[in-house]
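Residue-level structure breakdown
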Amino acid sequence: MKVLVSDIAVEELARLRGFAKRRLANPNGQPLGHHLDSTRWEAAIADAPLAPWEMSLGYHTPFWATLDEEQRLALNHWTYVMMYFRIGDGERFVVLVNDAIADALVSYDPEVAALMRLESHEEVDHIAAFMRVLDAVRRRHQMASLRMPVKPLRPLIVSKPSVRFLIKTFGADFITTYFLGRGIVNHMGKAFETKVADLPFATPLTRLSMLHTVDENRHMAVSRMMAACTYQLLERRSSRNPLYAAMSEAMQRTTITYTFSDAITTGQERAMSHRAVPQMKALSRLPKETLREIIDAHFDGVTGLEHAKNEFMPKFNQRLLDRAGLSLEEKRVWFEMLVSLQRNLRFFPEGYQPGTSVDEAFDELPTN
């Protein structure tokens, strides 16, 4: 029996309200900053990988065999810096949007609004803790003064005026888009971070990643619930008039492209690597042209990070999209755009289409 979207929304709203009540009654997890203050975490940076070796920049290229151990370690540490810098960048946007959403929701559902602010408080702690670690890793490799490239137009997009304009103009339509996109980003980050937390040698830094995943698991659940039930909290605006409907669709398409386009996201990581890697002491001995070739070969191929994401996220993304409070047509727009933008990533299970379960889709495929 198929469940109607409205039934899913009612179910997820009840789940969200229960979740908010429990979290607000017992909001105290272990702050990441406190964990760092109470451990000798800097010793973990010295001579051990910070991420699985197979996620290291250059690992899946022919160049890896030509590098010595210190050079390989530097490229492994760079992957850690790059990914947590990007995760922190995303969390800064979450703080802005969550606070603005809390303002929009406070008169409709004060507890859900308070949950948004609690998430923001946790994200501020996450950002500060990981920036301490990244600064220490960069000092270890003598690249502490590095200024990272960011996505195009980011200072405009990640700003209070822009976020408040989007919420005021699009209301529930933007909030649903935001949480659906945030949920997919949650899954991508978790694919990386669980591998870091599960490294075979436990250190204060693997523990830091594990504590972070505990908070992010809760945030991931909130993304799924809010993507499904926001229209139960706030007015649906998409059907107001043809002009607004066109604007809302443009907002969704722009959000999807900016957040998930391989050309933008991989382009940023490639630019970050070209700027950062030559500054690392262990790699400064290599010719600049060789470093450029290593970096380009890495991003031109399928990376270890992409392998991890493809292994982890497809079924989670399927459930997120299936339960989102969107029409079937809107879900198909999300699906088709994500697939068109993904390059080496696989956002959804093989054979999946919105409106058809994976099992049904697999039944239609040849079995031999």
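Residues numbered from 1 in each chain as written. Predicted model: local features only at pLDDT ≥ 70, side-chain atom pairs only at ≥ 80, totals over all residues. Heavy atoms only, no water.

Next up on the list: the overall build of the protein. Of the regular secondary structure elements, the protein holds 15 helices and 0 strands. Computed over C-alpha atoms, the radius of gyration of the protein comes to 21 Å, within 12% of the 21 Å expected from 2.2 N^0.38 for 368 residues, which places it in the range of a compact globule. The principal-axis extent of the C-alpha atoms belonging to the protein is close to 60 × 55 × 40 Å. For the protein, buried positions account for 54% of its 368 residues. Across the protein, every contact between residues at least 6 apart in sequence was considered, and the portion connecting residues at least 24 apart equals 84%. Of the roughly 16900 Å² of accessible surface on the protein, a fraction of 56% belongs to carbon and sulfur atoms. (Helix = DSSP H or I, 4+ residues; strand = E, 2+ residues; numbered from the N terminus. Rg over C-alpha atoms; globule rule 2.2 N^0.38 Å. Buried < 20%, exposed > 50% of the residue type's maximum accessible area, 1.4 Å probe, protein only. Contact = heavy atoms within 4.5 Å. Areas by Shrake-Rupley, 256 points an atom, 1.4 Å probe, with all protein chains shown as cover.)

In this section: helix α6 (residues 160-170). Helical geometry: 3.6 residues make up each α-helical turn, so side chains three or four residues apart lie on a common side. For α6, the full list of buried residues reads S162, V163, I167 and F170. For α6, the arc enclosing every buried residue in end-on projection is 130 degrees, short of the 170-degree limit, so these residues lie on one face. Summarising the geometry of α6, the exposed residues directed more than 90 degrees from the buried face are K160, P161, F165 and K168. Looking at the buried side of α6, the elements it contacts are α3 (69-105), α5 (154-157), α7 (172-197) and α9 (242-260). Just past α6, the residue G171 takes up positive phi, approximately 50 degrees. (Arc of directions from axis to C-beta.)

Moving on, we get to helix α10 (residues 262-276). Here α10 contains 15 residues, and its C-alpha end-to-end distance of 20 Å stays within 8% of the 21 Å for a straight helix at 1.5 Å per residue. Along α10, the residues that are buried comprise D262, T265, T266, Q268, E269, M272, S273, H274 and A276. Buried residues belonging to α10 abut α3, α9, α11 (288-300), α12 (304-312) and α14 (328-341). (Expected span 1.5 Å × (residues − 1).)

Overall, the coordinates contain 27 salt bridges when judged by the stated rule. Here R343 and D262 are joined by a salt bridge, their closest N and O atoms 2.7 Å apart. Taken together, the residues R343 in the loop between α14 and α15 (358-363) and D262 in helix α10 connect sequence positions 81 residues apart. (Salt bridge = Lys/Arg side-chain N within 4 Å of Asp/Glu carboxyl O.)

This paragraph deals with the environment of K151. By the element assignment, K151 lies in the loop between α4 (110-140) and α5. According to the relative accessible area criterion, K151 is buried, its value standing at 12%. Separated by 118 residues in the primary sequence, K151 and E269 have C-alpha atoms spaced 9.5 Å apart. Aside from chain neighbours lying at most four places away, what touches K151 is R86, Y258, T259, I264, T265 and Q268.

Now for the packing of aromatic side chains. For the coordinates displayed, the defined rule picks out 14 aromatic pairs. The interplanar angle of 65 degrees and the centroid separation of 4.7 Å between the aromatic rings of Y178 and F179 together place this pair among those described as edge-to-face. There is no split in this pair, since Y178 and F179 are both buried. Put simply, the rings of Y80, Y84, F130 and F192 touch in pairs and so form one group of aromatic residues. (Phe/Tyr/Trp six-rings, centres within 6.5 Å; stacked < 30°, edge-to-face > 60°.)

The next subject is the side chain of S261. With respect to the helices, strands and loops of the structure, S261 is situated in the loop between α9 and α10. Since its relative accessible area comes to 7%, S261 is described here as buried. Filtering out sequence-adjacent residues up to four positions away, S261 remains in contact with I256 and L341.

In this section: the packing of helix α13 (residues 314-323) against α14. Look at α13 against α14: their axes get within 10 Å of each other, and the N-to-C directions meet at 150 degrees. Classed by the angle they form, the pair α13 and α14 counts as roughly antiparallel. When α13 is examined against α14, the residues L321, D322 and R323 are found in contact with a partner set consisting of K331, W334 and F335. Of the residues contributing to the contact of α13 with α14, the split by class is 3 nonpolar, no polar and 3 charged. (Axes fitted to C-alpha atoms, helices over the stretch in contact; angles between N-to-C directions. Parallel < 35°, antiparallel > 145°, perpendicular 65-115°, else oblique. Nonpolar A, V, L, I, M, F, W, Y, C, P; charged D, E, K, R; others polar.)

A general tendency of soluble globular proteins is for nonpolar side chains to be buried together. I101, F179, M226, W334 and F347 are the most contacted members of the largest nonpolar core, which has 54 residues in total. Formed by 50 residues, the second largest nonpolar core is a distinct cluster that contains V95, V137, M148 and M272. (Core = buried A, V, L, I, M, F, W, Y, C linked by side-chain atoms within 4.5 Å.)

Let us look at unusual backbone geometry. Although it is not a glycine, Q142 sits at a positive phi angle of roughly 60 degrees. Note that Q142 resides in the loop between α4 and α5.

Of all residues in the protein, 93% attain a pLDDT of 70 or more, and the chain-wide mean is 91. Low confidence marks residues 358-368, where pLDDT is under 50. Its contacts with residues over four positions away, or in another chain, come to 7 contacts. (pLDDT = per-residue confidence, 0-100.)

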